[in-house]
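Here is what each chain is made of, one letter per residue.
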Amino acid sequence: MSVLFRRVVGVGCSVLVLLLPVVSESAEKSRVGLEKMKLASSVGAKCSGFYDGVFALLHNLDQAADQQALNVIQKSWPGINKRYLFRQSTSAMLMTGIFIKQINQKFTLEENFSFQSFSQDYVSSRKSAMAWQDGKAANEAQSRQHQQCEHILQITKNNGTLSDRVINAAMEKRSMALGVDLKSMD
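Just so you know, these numbers come straight off a predicted model, no measurement behind them.

### As for the pattern of salt bridges
Within the structure shown, the criterion is met by 5 salt bridges. D62 is the partner of K82 in a salt bridge, and the nearest nitrogen-oxygen pair spans 3.1 Å. In this pair, K82 is assigned in helix α3 (residues 82–106) and D62 in helix α1 (residues 3–63), connecting sequence segments 20 residues apart. On the accessibility criterion, K82 (13% relative accessible area) is buried. Residues participating in the shared-partner salt-bridge network are R87, K157 and D164.

### Side note on the packing of aromatic side chains
Given two aromatic rings, one states the distance between the centres and the angle between the planes to describe the pair. Scanning the model with the defined rule gives 6 aromatic pairs in all. Through a chain of ring-to-ring contacts, three or more aromatic side chains come together here, namely F50, Y51, W77 and Y84. Above the ring of F86, the side-chain terminus of R174 is found at 4.6 Å from the ring centroid.

### Some words on the packing of α3 against helix α6 (residues 164–178)
Interaxial distance between α3 and α6 falls to 9 Å at its minimum, and their mutual angle equals 105°. Accordingly, the angle class assigned to the pair α3 and α6 is roughly perpendicular. Residue-level contacts link R83, F86, R87, S89, T90, S91, M93 and L94 of α3 to D164, V166, I167, N168, A170, M171, R174, S175 and L178 of α6. Residue composition of the contact of α3 with α6, by class: 8 nonpolar, 5 polar and 4 charged.

### Description of the state of the cysteines
A complete count under the given rule lists 1 disulfide for this structure. Put simply, C47 and C149 are joined by a disulfide, and their sulfur atoms are 2.1 Å apart. An S-S torsion of about -90° defines the bridge between C47 and C149 as left-handed. Highlighted residues: C47 in helix α1 and C149 in helix α5 (residues 136–158), separated in sequence by 102 residues. For C47, a relative accessible area of 0% puts it in the buried group.

### Regarding α6
Taking 1.5 Å per residue, 15 residues should reach 21 Å; α6 reaches 21 Å between its end C-alpha atoms and fits that length. Positive phi shows up at G179, right after α6, with a value of about 70°.

### Details of α3
For α3, with 25 residues, the first-to-last C-alpha span of 36 Å sits near the 36 Å given by 1.5 Å per residue. Among the residues of α3, the N-terminal cap falls to N81, whose side-chain oxygen and the backbone nitrogen of R83 are separated by 3.1 Å.

### Thoughts on the packing of α3 against α5
One can describe the packing of α3 onto α5 by two numbers: an axis separation of 11 Å at closest approach and a directional angle of 60°. Judged on the interaxial angle alone, α5 and α3 are oblique. Judged by the twist between their axes, the crossing of α3 over α5 is left-handed. Each of Y84, R87, Q88, S91, A92 and M95 in α3 lies in contact with α5, whose residues at this interface are H146, E150, I152, L153, T156 and K157. Its residues assigned to classes, the contact of α3 with α5 shows 5 nonpolar, 4 polar and 3 charged.

What counts, and at which threshold
- Residues numbered from 1 in each chain as written.
- Predicted model: local features only at pLDDT ≥ 70, side-chain atom pairs only at ≥ 80, totals over all residues.
- Heavy atoms only, no water.
- Salt bridge = Lys/Arg side-chain N within 4 Å of Asp/Glu carboxyl O.
- Helix = DSSP H or I, 4+ residues; strand = E, 2+ residues; numbered from the N terminus.
- Buried < 20%, exposed > 50% of the residue type's maximum accessible area, 1.4 Å probe, protein only.
- Phe/Tyr/Trp six-rings, centres within 6.5 Å; stacked < 30°, edge-to-face > 60°.
- Lys NZ or Arg CZ within 6 Å of the ring centre and 35° of its normal.
- Axes fitted to C-alpha atoms, helices over the stretch in contact; angles between N-to-C directions.
- Parallel < 35°, antiparallel > 145°, perpendicular 65-115°, else oblique.
- Contact = heavy atoms within 4.5 Å.
- Nonpolar A, V, L, I, M, F, W, Y, C, P; charged D, E, K, R; others polar.
- Disulfide = S-S within 2.5 Å.
- Expected span 1.5 Å × (residues − 1).
- Polar contact = N/O pair within 3.5 Å; in protein donor to acceptor, adjacent residues only side chain to side chain.
- Left-handed = near helix turned anticlockwise from the far one by under 90°.

Structural data, given as structure tokens:
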């Protein structure tokens, strides 16, 4: 080996060794960013499932004419109605879609995320909300979930990510797709 070749290789290896921590640190930051975005998408899916579950719960209680249970829910959650729940669920879906889009744009993934990627979060939250039974623990859990979701959606509206115009348009489209009459909701 020539002296020049050994120097070039030596300098190249030195630069590579100096760059490794930067590359590793950058990869770690991306991983943390990805994890935070996945968590945000998961929370959005859970909130959408929660609101849809409470919507279904109210519907089922209406069908069963269980006025006592309806009174308990309305006492712990004043002003609750199906239209509000549908709106909040739609808002949470929009928010989740925004997070998923950001993940797919910012990170190189083997497979892009979709709503389906977070379906288990949605389904488990929906089932849990639908299974509500009056009781201190169940009422507190419902209240905590409600407060968390309201807080997250409020942040999304306050930072301009979601607007009433966008939410209203999405509600119209979603109601037509599901065959739900918005005008007949409380």
